Every structure is written in C-alpha cells, then in structure tokens.
Amino acid sequence: GAGVSQSPSNKVTEKGKDVELRCDPISGHTALYWYRQSLGQGLEFLIYFQGNSAPDKSGLPSDRFSAERTGGSVSTLTIQRTQQEDSAVYLCASSYTGEAFFGQGTRLTVV
Amino acid sequence: DQQVKQNSPSLSVQEGRISILNCDYTNSMFDYFLWYKKYPAEGPTFLISISSIKDKNEDGRFTVFLNKSAKHLSLHIVPSQPGDSAVYFCAASERRPADKLIFGTGTRLQVFP
C-alpha cells in the first residue's frame, strides 16, 4: 500500500493479557517510530528504529513494553501483562528524509 | 522533561482571519522542526517543516517562522478555514534525515464562521 498500515485498528483486552500491535511502514523508509497518545495527552515517544542501528528505546515506559523490526520493514510492538494505564492510541510512523508519515493508529483498551 | 512545549491548549479564530500557533523548545541541539495536523480518529498528517538554517518557510496558506535565539517557532495559517479545525502538533529533531521526533502536547484550533 501507499501509506503506513497498522493492525488491528481496535483492540480490547483484559488486564494481564499480552497484546501485539503491528505496523507496516512505507516501502523504502529506513526509519520507523512508535508513539502513543493517551486521552487528552500529546504524542509520547516510545521507540525508534533507524536502518540497521540499534533502536532508541528510551521512551518505553516499562520493561513490559518491547518492539522489534524484522528485515528492516514490519514492526511489532508487544505489551506484556497489560494494565489499564496502557489504554491509549498507539501510532506508528515511518520516514526516509525527515517528514514522518503516520498510520491510523491502534486504539488499545484494557478492561 | 518536556523538550517541546505548546503552552496554548486551544485557540479559536474566525474564518478568514489569521491563526497563529506557537511552540517553544529547550534543546539547543534541535535543528529540524515540523508541524503536524491531527483530526479525531486519524493519524497526524505532515504540514510543513523548517531547518535551522532558515527562519521562514512558506507553503500556500501555511508559514512557519523559526527564532533560534528564542528557541521559538510559530505556524501561521492565512486565511483560516473551517476545515483547518484540528489539533496541531509541533515536533523537533536533532538532525536530518529521519532522526527521533519529539512532539509537543498539541494545540486545538477551532475556526468558526
């Protein structure tokens, strides 16, 4: 596709369960970002992949959060033992020259 | 530590008038700045950018101004239209290409007829 694709678009999970969120970036984009937006808040940086460099994980809020990017393309954000405060919209973006292009996001609700 | 700040959570402007959205930053290493617009239930969309070697960049109705000494940038929208009603985020990075983007908290713009 032409844009960044995220799946699922919505996810409801029970507290304590693990979830995986997927991001398909724009083909050829070397940089991939994950952000989250909690209700009424700004865009919180989570993790950043750039080419073959080690990812910048400085924004991950706890060790329950992890992400990987396979083959320099698709990325998966995993949240283990979900908590209610993890409820948010998780946004993925990709970039090549600086302007990041965002997907529609995954709305995660932990009940 | 909020490196990028948008101190006005909301702004209301009449259609046809100028909208001015402001952003301040604290990290002197930032040298690339962007503005994004976000509608509800959609991902942010890129509007306009500026590098630190410039103090102004214009694209149609949108102009971004950068004041490096004050660590301040602003987005001007002229003339404002009802379709411009959205949340606007400024973002900054330390280098191009494609470095980590740090976003502000956003300003909700409402353009009324």
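Cut-offs and rules
Counting restarts for each chain: residues are numbered from 1 in the order of the written sequence. The naming scheme follows written order: chains are lettered A onward, ligands numbered 1 onward. The model is predicted, so local features are restricted to residues of pLDDT at least 70 and side-chain atom pairs to those at 80 or more, both for listing and for counting; the totals for chains, interfaces and linings are taken over all residues. Where side-chain values are given, they derive from all heavy atoms of the structure, hydrogens and water being excluded. One side-chain nitrogen of Lys or Arg within 4 Å of one carboxyl oxygen of Asp or Glu is enough to make a salt bridge. Where helices and strands are cited, they refer to DSSP runs of H or I of at least four residues and of E of at least two residues respectively, numbered from the N terminus. Note on exposure labels: buried denotes an accessible area under 20% of the residue type's maximum, exposed denotes more than 50%, and partly exposed covers the range between, all computed with a 1.4 Å probe on protein chains only. Only heavy atoms enter the contact rule, under which two residues are in contact if any of them lie within 4.5 Å. Simply put, the buried area is the total loss of 1.4 Å probe accessible area from both parts when two parts are fitted together. Contacts described as polar in this section are N or O atom pairs within 3.5 Å, which, within protein, must combine one atom able to donate a hydrogen with one able to accept it, while residues neighboring in sequence count only if both atoms come from side chains. Here the nonpolar group is Ala, Val, Leu, Ile, Met, Phe, Trp, Tyr, Cys and Pro; Asp, Glu, Lys and Arg are the charged ones; every other residue, Gly included, is treated as polar. The definition used for a disulfide is geometric: two cysteine sulfur atoms within 2.5 Å. Only when DSSP finds a minimum of two bridges between them are two strands counted as paired. Working definition: rings of Phe, Tyr and Trp (its six-membered ring) pair if their centres are within 6.5 Å, and the pair is stacked with planes under 30 degrees apart, edge-to-face with planes over 60 apart, and tilted otherwise.

Q: Explanation requested: the pattern of salt bridges in the structure shown.
A: Where charged atoms from two side chains of opposite charge approach closely, those side chains can pair. Under the criterion given, the structure shown has five salt bridges over all chains. Between R64 of chain A and D86 of chain A there is a salt bridge, and its shortest N-O distance comes to 2.8 Å. Of the two residues, R64 of chain A sits in the loop between β5 (44–50) and β6 (65–69) while D86 of chain A sits in the loop between β7 (75–79) and β8 (88–95), which places them 22 residues apart along the sequence. The two residues R64 of chain A and D86 of chain A agree in class, both being buried. For R61 of chain B, the salt bridge identified is with D84 of chain B, shortest N-O distance 2.8 Å. Placement of the pair is R61 of chain B in the loop between β6 (56–59) and β7 (62–67) and D84 of chain B in the loop between β8 (72–77) and β9 (86–93), with a sequence separation of 23 residues. Here D84 of chain B falls in the buried class, since its relative accessible area comes to 2%.

Q: Got a minute to help me understand the interface of chain B and chain A in this structure?
A: Accessible area lost during the coming together of the parts is what is often quoted as the interface size. Counting from both sides, the interface comprises 19 residues of chain B and, opposite them, 21 residues of chain A. In this assembly, chain B packs against chain A so that about 1600 Å² is buried in total across both faces, 56% of it on carbon and sulfur atoms. Put simply, chain B and chain A have one salt bridge between them. The partner of K100 of chain B in a salt bridge is D56 of chain A, and the shortest N-O contact between them spans 3.0 Å. Viewed at the interface, chain A and chain B are joined by six residue pairs in polar contact (both at pLDDT 80 or more). Every element with two or more residues in the side of chain B that touches chain A is listed here: β4 (32–38) and β5 (45–51) of chain B. With four residues, the top contributor of residues to the side of chain B that touches chain A is β4 of chain B. Partitioned by chemical class, the residues of the side of chain B that touches chain A number ten nonpolar, four polar and five charged.

Q: Would you mind going over the state of the cysteines with me for this structure?
A: Overall, the coordinates contain two disulfides over all chains when judged by the stated rule. One disulfide bridge connects C23 of chain A with C92 of chain A, the sulfur atoms lying 1.9 Å from each other. Looking down the S-S bond of the C23 of chain A and C92 of chain A bridge, the torsion is -65 degrees, so its handedness is left-handed. Here C23 of chain A is found in strand β3 (residues 19–24), whereas its partner C92 of chain A is found in strand β8, with 69 residues between them in sequence. For C23 of chain A, a relative accessible area of 0% translates into the label buried. A disulfide bridge connects C23 of chain B with C90 of chain B, and the sulfur atoms are separated by 1.9 Å.

Q: I tried to follow the sheet that holds β8 of chain B on my own but got confused; where do I start?
A: In a beta sheet, neighbouring strands are held together by backbone hydrogen bonds and run either parallel or antiparallel to one another. Residue and element names in this part refer to chain B. Spatial strand order, β1-β3-β8-β7-β6: five strands in an open sheet with antiparallel pairing. A single partner strand is all that each edge strand has here, and the edge strands are β1 (4–5) and β6. As defined by bridge partners, β7 adjoins β8 across six bridges and the pair is classed as antiparallel. Considered in β8, the bridge of N67 is made with H72.

Q: It is not clear to me how the packing of aromatic side chains should be interpreted in this structure. Could you clarify?
A: Aromatic ring pairs: the centre-centre distance and the angle between the two ring planes describe each pair. In the structure shown here, the tally under the stated rule is twelve aromatic pairs over all chains. Geometrically, the ring pair formed by Y35 of chain A and F102 of chain A is tilted, given 5.8 Å between the ring centres and 45 degrees between the ring planes. Taken as a pair, Y35 of chain A in strand β4 (residues 31–37) and F102 of chain A in strand β9 (residues 101–102) lie far apart in primary sequence, 67 residues in all. Judged by relative accessible area, Y35 of chain A falls into the buried class, the value being 1%. Taking 5.6 Å as the distance between ring centres and 85 degrees as the angle between the ring planes, the aromatic pair formed by F102 of chain A and Y36 of chain B counts as edge-to-face. Taken together, the positions of F102 of chain A in strand β9 and Y36 of chain B in strand β4 put the pair across two chains. Grouping residues by exposure puts F102 of chain A and Y36 of chain B together as buried. Counting every residue linked through ring pairs, the aromatic cluster contains Y33, Y35, F45, Y48 and F102 of chain A together with Y36, F46, F89 and F103 of chain B.

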